[in-house]
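Each chain, written out:
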Amino acid sequence: MAPIRALKGPPTAGAALAATEKSRDRNMAKPKDLKVTLVKSKHGRLKSHKACVAGLGLRKRHQTVMVPDTPENRGMINRVSYLLSVEEA
């Protein structure tokens, strides 16, 4: 039994749309990573700054993690930039 199609149109319309989406996914650039290192202690800092450091996945001084370069991570990095060292990976 053939599946019920939601949209009326030629049978190749859905396949063509799926093919363009797949090619678009392949052509999109992968997000770059940032290498973030905690260089100063988080002790004695504001609660929100401690939360940002934890959100980046950092727990100890001189620990380094790779995080994707997203606006959310950039915002956390900007808030606690005085505690971090950041490099593009």
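Look up a bit, the structure's there.
Quick caveat: nothing in here was measured; it's all calculated off a predicted structure.

Engineer: Looking at this structure, I do not really get the overall build of the chain. What am I missing?
Structural biologist: Looking only at helices and strands, the chain features three helices and three strands. For the chain, the α and β elements follow one another from N to C terminus as α-β-α-β-α-β. Within the chain, the proportion of its 89 residues that are buried is 19%. Partitioning the intrachain contacts of the chain with sequence separation of at least 6 by distance along the chain shows that 69% fall at a separation of at least 24. A total of about 7000 Å² of accessible surface is found on the chain, and carbon and sulfur atoms cover 57% of it.

Engineer: Just checking my understanding: could you explain the pattern of salt bridges for this structure?
Structural biologist: Once the charged atoms of two side chains with opposite charge are near each other, the side chains can pair. Overall, the coordinates contain one salt bridge when judged by the stated rule. For Asp69, the salt bridge identified is with Arg74, shortest N-O distance 2.7 Å.

Engineer: Before we go on, may I ask you to explain the environment of Leu58 in this structure?
Structural biologist: Looking at the element boundaries, Leu58 is found in the loop between helix H2 (47-55) and strand S2 (64-68). In the structure, Leu58 is positioned 22 residues away from Val36 in sequence and 8.5 Å away in space, judged by C-alpha atoms. Setting aside residues no more than four positions away along its own chain, Leu58 makes contact with Val36, Leu38, Lys42, Val53, Gln63, Val65 and Leu84.

Engineer: When you look at the nonpolar core in this model, what are you seeing that I'm missing?
Structural biologist: Soluble, globular proteins show a tendency: their nonpolar side chains are buried together. With 14 residues, the main nonpolar core has Val36, Leu56, Leu58 and Leu84 as its most contacted residues. Among the elements of the structure, strand S1 (33-38), H2, S2 and helix H3 (71-79) are those that each provide at least two residues to this core.

Engineer: Honestly, the sheet that holds S2 in this entry has me stumped. Any pointers?
Structural biologist: Whenever strands of a sheet pair, they do so through backbone hydrogen bonds, lying parallel or antiparallel. Here three strands make up an open sheet; going across it, the order is S2-S1-S3 and the pairing antiparallel. Where the open sheet ends on each side, the last strands, each with one partner, are S2 and strand S3 (84-88). Going from strand to strand, the sheet's axes swing by 30° on average, the running direction of each strand aside. Pairing geometry for S1 and S2, over five bridges, is antiparallel.

Engineer: Looking at this structure, I do not really get unusual backbone geometry. What am I missing?
Structural biologist: Of all residues except glycine, most have a negative phi; of all peptide bonds, most are trans. Positive phi, close to 65°, is recorded for His62, a residue that is not glycine. Positionally, His62 belongs in the loop between H2 and S2.

Engineer: Is there a simple way to explain the environment of Val67 in this structure?
Structural biologist: If you trace the backbone, Val67 turns up in strand S2. Along the primary structure Val67 and Leu34 are separated by 33 residues, whereas in three dimensions their C-alpha atoms are 5.3 Å apart. Those residues within four positions of Val67 in sequence are excluded, and the remaining contacts are Lys32, Asp33, Leu34, Val36, Leu56 and Asn73.

Engineer: Is there a simple way to explain H2 in this structure?
Structural biologist: Residues His49, Cys52 and Val53 constitute the buried set of H2. Summarising the axial view, the buried residues of H2 lie within an arc of 100°, below the 170-degree limit, and thus occupy one face. Buried-residue contacts for H2 involve S1 and H3. Backbone geometry just after H2 places Gly57 at a positive phi near 90°.

Reading the values: the criteria
Residues numbered from 1 in each chain as written. Predicted model: local features only at pLDDT ≥ 70, side-chain atom pairs only at ≥ 80, totals over all residues. Heavy atoms only, no water. Helix = DSSP H or I, 4+ residues; strand = E, 2+ residues; numbered from the N terminus. Buried < 20%, exposed > 50% of the residue type's maximum accessible area, 1.4 Å probe, protein only. Contact = heavy atoms within 4.5 Å. Areas by Shrake-Rupley, 256 points an atom, 1.4 Å probe, with all protein chains shown as cover. Salt bridge = Lys/Arg side-chain N within 4 Å of Asp/Glu carboxyl O. Core = buried A, V, L, I, M, F, W, Y, C linked by side-chain atoms within 4.5 Å. Pairing = 2+ DSSP bridges. Axes fitted to C-alpha atoms, helices over the stretch in contact; angles between N-to-C directions. Arc of directions from axis to C-beta.

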